[in-house]
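# Architecture at a glance
Here is what each chain is made of, one letter per residue.
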Amino acid sequence: GMLRYSLPEYRLPKAILDRELEIFHQLGVSFRFKQAVGTEVFLEELEQEHDAVFLAIGTWAPHKIQLPDEEAPGVWHALEFLEQVAVGGAPDIGPKTVVIGGGNAAIDSARTALRLGSEVTVVYRRDREDMPAIAEEVEDAEAEGVRIVFYNSPHRILRGKDGRIRALECAVTEPGAYDASGRRKPLPTAERNLFECTTLVIATGEKPDAEVFRAAGIQLRENATAVVDWVSYATQRENVYAGGDLVTGASNVSSTMATGKAAARAIDRNLMGLDRWHLIQGSFETKQIIPPEPPKGDRNIGAKVPPGERVRTFDEVVCGFDHATAVAESCRCLRCDVREALAREDHGIRCEKTPKGVSP
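My aim in this report is to walk through the structure given alongside it, one point at a time. In this text the structure is predicted, and so the values were computed from the model without any measurement. Residue numbers restart at each chain and count upward from 1, following the sequence in its written direction. pLDDT decides what is reported in this predicted model: residues at 70 or higher carry local features, side-chain atom pairs at 80 or more are listed and counted, and totals for whole chains, interfaces and linings draw on all residues regardless. Where side-chain values are given, they derive from all heavy atoms of the structure, hydrogens and water being excluded.

### Observations regarding the environment of Gln288
- Relative to the helices and strands, Gln288 is located in the loop between helix 10 (278-281) and strand 13 (303-304).
- By relative accessible area, which is 21% here, Gln288 ends up partly exposed.
- Spatially, the C-alpha atom of Gln288 lies 51 Å from that of Tyr151, the residues being 137 residues apart in sequence. Strands here mean DSSP runs of E at least two residues long; helices mean DSSP runs of H or I at least four residues long; both are numbered from the N terminus. Whether a residue is buried, partly exposed or exposed follows from its accessible area with a 1.4 Å probe, protein chains only, as a fraction of its type maximum: under 20%, in between, or over 50%, in that order.

### Considering the sheet that holds strand 4 (residues 96-100)
- A pair of strands is labelled paired if DSSP reports no fewer than 2 bridges between them. As summarised here, the arrangement of the five strands in space is 3-10-4-5-6, forming an open sheet in which the pairing is parallel. At either margin of the open sheet sits one strand with a lone partner, and together these are strand 3 (75-77) and strand 6 (147-149). Averaged over all adjacent pairs, the angle separating strand axes in this sheet is 20 degrees, with direction ignored.
- Bridge analysis of strand 5 (residues 119-123) against strand 6 gives three bridges, and the strand direction is parallel. Note that in strand 6 the partner of Val122 across the bridge is Ile148. Simply put, an axis is a line fit to the C-alpha atoms, just over the touching stretch for a helix, and the angle between two N-to-C directions goes from 0 to 180 degrees.

### Some words on the pairing of strand 4
- Within strand 4, four of the five residues are buried, which leaves the element mostly enclosed by the surrounding structure.
- Note that strand 4 and strand 5 share five bridges and pair parallel. Its bridge partner lying in strand 5, Thr97 is registered against Val120.
- With respect to chirality, the unit in which strand 4 leads through helix 5 (residues 104-115) into the neighbouring parallel strand 5 is right-handed.
- Across four bridges, strand 4 lies against strand 10 (residues 199-202) in parallel orientation. Note that in strand 10 the partner of Thr97 across the bridge is Thr199. Viewed with both strands pointing away, a crossover whose connecting path from the first strand over the helix to the second turns clockwise is right-handed.

Below, the structure written as structure tokens:
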């Protein structure tokens, strides 16, 4: 769901996603749509029909800023806004959009609003280095024309006579003591800034909508993520597992896919009584030789559509490597597959054995 409805087309073309899903279908995976757990189908039913159940519902419940008029016309929560655009119902957002937040959902919302023809400002209560969004995405957003204002925290939503939002009033913040996240806590001051807008997108975080599982005996933390065994991803309920954002909180695609693979391995081992992962994972034999010195050179960056062109469409931004660039990047390999202790007398190089559990 997250891949289709929360990642914009310019980051993940839906044709690619459809192609991947078709591979699953051809492998024998069946899909049952419009089956909300807790209404159309119940966890107990799934347990009776199957040997194991894996929960991977993502983080669809928005974190609200608890301000009056948060539900006023023209105010959106980030995932709701991105989903609306993804299904082809692009809203009329008007000439000016303000986005609250500094994460990936905030940047995705800002770049999406920009492509819908709006002038976009992102307000964030901390400094640039504290933004959880991918730095490259932030840089791309600014290159496209998104304005980012730091040290501003939402204070009040202002509405016009028609009831629609007309501006966001922010309190200027200053950095305080370090908090549990390792960042300095933003402290509001008496100074205020006013940002006029016809649309406000709130992107201050998301959490799983998992209360239906709590009622079924799945232990949840205060932030609504599920408690699991971090090796097998098993919940307290027998033969029920969970992974992805449901256990880690909002994360990235590669990390959530990793939890799915780990859980699949554990589920198969528990059901079959043996480890069969090697049948699909495969193994490779390589020479345990370290290059005397890795080739010099900076990291190669994939080609991108120029900012002036890409903001006019939702076409994919990153074009990838051409053949020559791909070869140059692969030559920078540091040979992390080498695991054995080696001594190269001719170059005076020594490599200690890689600790167990470290993957190449």
